[in-house]
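Inside the fold
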Amino acid sequence: MAAVGSAVGLGNIWRFPYICGKYGGGAFLLVFLLFVFFIGMMLMMCEFVIGRRSRHATVQAYSTLAPHKRGWRMVGVLGIVTCFFILAQYWVISGWTLSYFFDAITGRLAQMGQDTEAIKDYFSTFSTSAARPVVCLAIFAVLTAVVILAGVQRGIEKVSKLLMPLLVVLLLVMCVRSLTLPGATKGLEYLFYPDFSKLTAEGVLAALGQALFSLSVGMGAMIVYGSYIPADSNLFRSSMWITASDTFIAILSGVAIFPAVFSCGLEPTGGAGLSFCVLPNVFNSMGTLAGIFFASIFFLLLAIAALTSAISILETLSAFLIDSGRLKRSSATVLVVCAEVMLAAVVSLGGGMWSHIHIAGQNFFNFTDRLNSIYLPPLCALGTVLFLGWVVPSNDVYDELSNHGTVKATFYPLFRFIIRYVAPLALIIIFVSTFFS
Ligand code: PHE
């Protein structure tokens, strides 16, 4: 359940619709699904095996499993760097969610009615302003740290066991509302009809990045969770459930968002603000009171979903410092949070006040987004599959996946074939082709 909490978050409700819209809809969805099950889920099993077998956090896990090949720990280091950049951006968007929750509950969103332009303007004014997004991300950061420091993660996870199904119910309500708006079918067509002419090499890489981001794999977070998994849990079955529920929620939010995008006359290629520009329209079309009610609960649940994901990223970073033996939990967490809030503020301002400052042709917000999806996780993923496929002895991997021979692992030959050949080749081909396009 904790891993589901890590997987389900802004990646499903904010990032999936925005990336899917940006790279062409249906064809992207198809490629995304292929990556989710053939690479993402396999990678999740790899990370669980590495974590549970070594009982260590990200970097140390690699050195424990391959004590004579210490170079492989660089894959873990790459994961830590990835987590560092991901959390900064994650807190920015979590801050937006928090801010929208305040706006929903105080009726500010409802005031705008179904004026699509006003809602859009509100989002761009808000997201490019200096103070409010930074304050909100800082509040969210403190919230994440408090949960970890107070040791109430397990409490949060228990609560989210109840709340996440509620989020699904709410998404279903929003799907119904969105689908009954005028012109909604166009959105469904966009999401489910694959038009391959819209798919680019970069879109394929983005689909891979989104699959990894959404499943929280390719940065070592699942290694840390793997190290906490009880010896008798079935890793294949757990990975299957996590992958299926995460994907189901992503598609559900696509169904809630795309019909409304077309009905409101917005562009599916609207970028990072897509969900925030579309959803208020959906709520406001429910009537004032119902709108305020549903919008408030929705943004609150989304913030909690974001919190359970942020916890897992912060946990990966502090577990690395704690496991290296130099710091206590409290100092490790405080250190990471301070550094991270500074980076997050830069990311936030990079989309607004500092948008004229470019790195590799992108402002800092977009640059971090690309780093977090297109470059770092696929690279770390490549290292992880190569490590488990070629470095760790096959018997050890089989032993871990079959719980020392006590559960059947009939999928093992296929899994091994994928992590040794299919996944590495696919990852290399995608990288090289994007580079040349
Ligand atoms: N999977 C999370 C989401 O979809 C984000 C995440 C990425 C969490 C990496 C942990 C590690 O929102």
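First things first, this report covers the structure right here in the doc.

A look at the site of the ligand
Close to the ligand lie 15 residues, the nearest being A7, G11, Y90, F213 and S216. Residue G11 places a main-chain N or O atom 2.8 Å away from an oxygen atom belonging to the ligand. One nitrogen or oxygen atom from the side chain of S216 is found 2.9 Å from a nitrogen atom belonging to the ligand. Broken down by secondary-structure element, the contributors of at least two residues to the shell around the ligand are α1 (2–7), α2 (10–22), α11 (201–214) and α15 (288–323). Grouping the constituent residues of the shell around the ligand by class yields 7 nonpolar, 8 polar and no charged.

So, the pattern of salt bridges
Enumeration over the complete set of coordinates arrives at 9 salt bridges. For the salt bridge of R53 with E400, the shortest nitrogen-to-oxygen distance reads 3.0 Å. Linking R53 in helix α3 (residues 26–54) with E400 in helix α18 (residues 394–401), this pair joins segments that are 347 residues apart in sequence. In the salt-bridge network here, residues are joined through shared partners; they are R52, R53, D396, D399 and E400.

Quick look at the environment of V204
By secondary structure assignment, the location of V204 is in helix α11. Taking the C-alpha atoms as reference points, V204 and W14, separated by 190 residues in sequence, lie 19 Å from one another. V204 has contacts with V31, F35, L199 and I430, leaving out every residue within four places of it along the chain.

What to know about the side chain of E47
Looking at the secondary structure, you find E47 in helix α3. Despite its burial, E47 remains without a salt bridge, the nearest opposite charge being carried by R52 at 14 Å. At 3.2 Å, the side chain of E47 and the backbone nitrogen of M222 are in polar contact. When residues no more than four places from it in sequence are discounted, the contact partners of E47 are S216, V217, G218, M219, G220, A221, M222, I223 and T384.

Things to note about the packing of helix α5 (residues 73–105) against helix α7 (residues 116–128)
The contact between α5 and α7 brings their axes to 12 Å, and the two run at 130°. In terms of orientation, α5 lies oblique with respect to α7. Relative to α7, the crossing made by α5 is right-handed. Contact residues: W96, S99, Y100 and D103 in α5; Y122, F123, F126 and S127 in α7. Residues of the contact of α5 with α7, tallied by class, amount to 5 nonpolar, 2 polar and 1 charged.

Reading guide: rules and limits
- Residues numbered from 1 in each chain as written.
- Predicted model: local features only at pLDDT ≥ 70, side-chain atom pairs only at ≥ 80, totals over all residues.
- Heavy atoms only, no water.
- Near = heavy atom within 4 Å.
- Polar contact = N/O pair within 3.5 Å; in protein donor to acceptor, adjacent residues only side chain to side chain.
- Helix = DSSP H or I, 4+ residues; strand = E, 2+ residues; numbered from the N terminus.
- Nonpolar A, V, L, I, M, F, W, Y, C, P; charged D, E, K, R; others polar.
- Salt bridge = Lys/Arg side-chain N within 4 Å of Asp/Glu carboxyl O.
- Contact = heavy atoms within 4.5 Å.
- Buried < 20%, exposed > 50% of the residue type's maximum accessible area, 1.4 Å probe, protein only.
- Lys, Arg positive; Asp, Glu negative; His and termini not counted.
- Axes fitted to C-alpha atoms, helices over the stretch in contact; angles between N-to-C directions.
- Parallel < 35°, antiparallel > 145°, perpendicular 65-115°, else oblique.
- Left-handed = near helix turned anticlockwise from the far one by under 90°.

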